[in-house]
Amino acid sequence: MFAQIYSLQTIEEALACIEAGADRIGVLTEEPGGAYPCGVTTEYAKKMFEAIGDKAVKILISVKETEDAILEETAYLKPDVLHLCAEYRGNAAFKKKLNERVPGVLLMEAIGVQDESAIQDAIDRSSYADILILDSVSKTVPGIGAAGETHDWSIDRRIKESVTVPVVLAGGLGPENVLQAIEAVHPDGVDSLTRTSIKENGILVRKDIEKVRQFC
């Protein structure tokens, strides 16, 4: 089982999280002042991925809105995993283009778990996605994730039992509840953003490295 830590904003922070035990590092690209927490510019993300090298699996959290923009950014950054979690939803045709444009990059699709309809959504997306991430839906942040809240893990367990691709459990996970979540779902990996971060004035400003260490 792997530990996935989102969203890193500096090279130093990313390397500290890897030292603390993170197997996978997620970086969200967005211009300053955007709607998503913890975004960095594409140019800085490139430097972060170069610094990480093969020390951890590098994940691009893409919130671009068009297929061309997502593919262009992925080709430039060359992550190990492309995570789609915003308005653009992947499909088999997109996966084919991704494989042609950036060979070797895995596609991770986000499933917003709000009710049992998430089960069929996960089954459908597992037909082309390499990985699924099961996450909560925020009332304030667009897309799927960054909610800082848990959801119904029994639905996640049913998803895990219904698909053949790896499943990552996310949504309000931290050192205090990750073991309980693992026991309930038996995922392939666990993810943390909000509960391993430090907030100032309601904004996620940096990672709490000690909490990352405890989580991992």
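Please read all numbers here as calculations on a predicted model, not as lab measurements. (Residues numbered from 1 in each chain as written. Predicted model: local features only at pLDDT ≥ 70, side-chain atom pairs only at ≥ 80, totals over all residues. Heavy atoms only, no water.)

A. Representation of the packing of helix H2 (residues 42-52) against helix H3 (residues 67-77) within the structure. Direction vectors running N to C along H2 and H3 enclose 35°, while the axes themselves pass 10 Å from each other. For the crossing formed where H2 meets H3, the hand is right-handed. Here Thr42, Glu43, Ala45, Lys46 and Phe49 of H2 lie close against H3, whose contacting residues are Glu73, Tyr76 and Leu77. (Axes fitted to C-alpha atoms, helices over the stretch in contact; angles between N-to-C directions. Helix = DSSP H or I, 4+ residues; strand = E, 2+ residues; numbered from the N terminus. Left-handed = near helix turned anticlockwise from the far one by under 90°. Contact = heavy atoms within 4.5 Å.)

B. Focus on the pattern of salt bridges. Tallied over the full model, the rule gives 12 salt bridges. In this structure, the salt-bridge partner of Asp121 is Arg125, at a minimum N-O distance of 3.1 Å. Of this pair, Asp121 and Arg125 both sit in helix H5 (residues 117-125), four residues apart, roughly one helical turn. In this structure, Asp188 and Lys160 form a salt bridge, with 2.7 Å as the shortest nitrogen-oxygen distance. Of this pair, Asp188 sits in the loop between helix H7 (178-185) and strand E9 (189-192) while Lys160 sits in helix H6 (residues 153-162), and the two are 28 residues apart along the sequence. Salt bridges linked by common partners bring Arg89, Glu109, Asp121 and Arg125 together as one network. (Salt bridge = Lys/Arg side-chain N within 4 Å of Asp/Glu carboxyl O.)

C. Structural view of helix H4 (residues 92-101). Among all positions of H4, only Phe94, Lys95 and Leu98 are buried. On an axial view of H4, the arc spanned by its buried residues comes to 100°, and they lie on one face. Counted as exposed and oriented over 90 degrees from the buried face of H4: Ala92, Lys96 and Glu100. Check the buried side of H4 and you find it contacts H3, strand E5 (81-84) and strand E6 (106-112). The opening residue of H4 is Asn91, an N-cap whose side-chain oxygen sits 3.1 Å from the backbone nitrogen of Ala93. (Buried < 20%, exposed > 50% of the residue type's maximum accessible area, 1.4 Å probe, protein only. Arc of directions from axis to C-beta. Polar contact = N/O pair within 3.5 Å; in protein donor to acceptor, adjacent residues only side chain to side chain.)

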